Structure formats: structure tokens, C-alpha cells
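As a plain string of letters, each chain reads:
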Amino acid sequence: MSQPTSTPKPAVDATPVAVLNARGVREEIRADAIKSHDFRQSGFLAPSELRRIRLRHEQFVRSLAARLAMFLRLEFSVNLHKLQIVGYQKFTDAFPGSTHITLFKTDPLKGVSLLVTPPRLALLFVDRLLGGPGQMPEAARDLNEIEVALTDQVATIILSEWCSHWPEMREVRHAVLGHESNSKFLQTSPADTAMLCVSLSVQLGEQAEYLYLAFPYTTVEPLMRLLCPSGVPEADAAAARAPKPKWNAEFDDVTVPVIAEWQG
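Procedures and definitions
Residues numbered from 1 in each chain as written. Predicted model: local features only at pLDDT ≥ 70, side-chain atom pairs only at ≥ 80, totals over all residues. Heavy atoms only, no water. Salt bridge = Lys/Arg side-chain N within 4 Å of Asp/Glu carboxyl O. Helix = DSSP H or I, 4+ residues; strand = E, 2+ residues; numbered from the N terminus. Buried < 20%, exposed > 50% of the residue type's maximum accessible area, 1.4 Å probe, protein only. Core = buried A, V, L, I, M, F, W, Y, C linked by side-chain atoms within 4.5 Å. Contact = heavy atoms within 4.5 Å. Pairing = 2+ DSSP bridges. Axes fitted to C-alpha atoms, helices over the stretch in contact; angles between N-to-C directions.

Peer 1: Would you mind going over the pattern of salt bridges in detail, with residue names and values included?
Peer 2: Oppositely charged side chains can form a pair if their charged atoms are brought close together. Enumeration over the complete set of coordinates arrives at seven salt bridges. Ionic pairing is found between Lys105 and Asp107, a salt bridge with its closest N-O pair at 3.7 Å. For the salt bridge of Glu209 with Arg120, the shortest nitrogen-to-oxygen distance reads 2.9 Å. Placement of Glu209 in strand 8 (residues 207–216) and of Arg120 in helix 3 (residues 119–129) is noted, with a sequence separation of 89 residues between them. For Arg120, a relative accessible area of 24% gives the class partly exposed.

Structure (C-alpha cells):
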């Protein structure tokens, strides 16, 4: 009997690379120890801002669970699973195959946002609205026009409840722009756009699925400014306490490649 062949291990790049450490001192480390970092997806929300927006969405989720239970006459739980900043391309690539995506806008905020409902969960809503017990089908499939219209009733409740939880900005209202069944065909934002992704866990008995709300950062940025407490902003207070930065001469010879893009 032949012996199973072992999977070859990837080659390790031990080439030394000169870098600057956190203290600004030059040192050499192995090339395989260097990790890439996308600066476009970091620093959009400070920890204090992320904490405040998470608390606001926890309030939204509690109210949403009560409204959906009354609307569907069905007892189920809705919990905030995760809240994070992700890239638009990474977010859309996370939904391979068929899914139900509602494109909407929240006036007067800018940008097109997304509500992603798994087809099995959407069909549960449809089954309940048509008088059924509210059971998820075993297999997912695309929704027809009637099922999309019924699912929009639930989407309207979700979006109107989200808008009502921003009393700092008056008259925030939503408008459904369209639907898509494949995330690969979405073109609502550039691929590198930072998105605030809100994952909601919806559970009915032993049945569980996830709903996703995704907002471009340009949409939530005005709301974040309104969430900042009155008085001196935290960023200004921290800057006042921080010592004045000094230039490190070790960075004089650092080469930084710059790429500029513009329209026209």
C-alpha cells in the first residue's frame, strides 16, 4: 500500500530587510515576519466612538426585536452579533452565490447602504406573512417578485427603526432604491470604501440566521459627530494633553511611494 504524500510546506523567506522599529531605530528582520497593513481601513472610528455607536445599535436591536415580534406575531430573538469596519470589496465577497440584498438610501445622509437578508430568512418572513408557521426552508433559492414585495415590508420596519434611533439628526428617512440577488454585481461604492457593517443574529427556536446592515463611512460620519458629547471633543482634549511631537531624524531617508488618481 502506497504511503500518503505529505503536503509541501511553503518556502520561508529569511531574507533580512532593514526597517524602522517603533522607536525609530533601524534594524534588520526576516522578510516573512513583515505583515502587510491597509491603512485605508484603520483609524476611521476611535475606540470611544465605536463604543458609543455600539451602544446605540444595541438599543436599536432591542426595539427592532419587539417591533418584528408584534408585526409577525412570532416570538424570536434578535441580538447584535458584531459591529466592525470592513472594506466594500471584502464585504461583498463574503456572500458567494445567491442572496437577497436591498439597496437603500437614508436622507439627508449621503451614500447607498445595503441590507443583506439570507434567502432562507426572507422565505421565513414570507411564510409567516402568508399565514404559515414561519419555517425556514431547507434549501435557499432566489425570491420571486411577490416574495420580494412581502420581504420589503419587513425591510421597511428594520430601516425605519434604524432611522428613528438617531434623534440628534431630525427627519432621517429611508428610501428603498432596488434589489440585487448576487453581490458580485453590486456597484454602489468603490472597492476600497470603508463600510460600517452591523451583523444581527436572528434566532427562532433552533433556527438561526444573520442579517447584515452595511453603511459607507460617509453615511455614518455625520452621525458620529452628533454622538460626540458637548464641550471639548475627546480628540481635542487628548491632543491638548499629549506632548508636542518631535521629528525623528532616522526618517529623513525613508522612501515613501505615492500614487495619485483623479478623474478627467
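Peer 1: Before we move on, can you summarise the nonpolar core with the specific residues and values?
Peer 2: Membership of the largest hydrophobic core comes to 44 residues, with the highest contact counts inside it found for Leu200 and Leu213. Of all elements in the fold, only helix 1 (47–72), strand 3 (77–87), helix 3, helix 4 (145–164), strand 7 (194–204), strand 8 and helix 5 (217–227) reach the threshold of two or more residues within this core. With sequence-adjacent residues up to four places away left out, Leu200 is seen in contact with Phe60, Val61, Leu64, Val78, Asn79, Leu80, His81, Glu209, Tyr210 and Leu211. Val86, Phe91, Phe95 and Met195 belong to the second largest nonpolar core, which has twelve residues in total.

Peer 1: Break down the sheet that holds strand 7 for me, with residues and values.
Peer 2: Across the sheet, six strands lie side by side as 3-7-8-5-4-6; this open sheet has antiparallel pairing. A single partner strand is all that each edge strand has here, and the edge strands are strand 3 and strand 6 (173–182). Recorded for the sheet is a direction-independent mean angle of 20 degrees between the axes of neighbouring strands. As paired elements, strand 7 and strand 8 share ten bridges and run antiparallel to each other. Residue Val202 lies in a different strand from strand 8, and its bridge partner there is Glu209. Sitting on the sheet, helix 1 is in contact with strand 3, strand 7 and strand 8, with an inclination near 145 degrees to strand 3.

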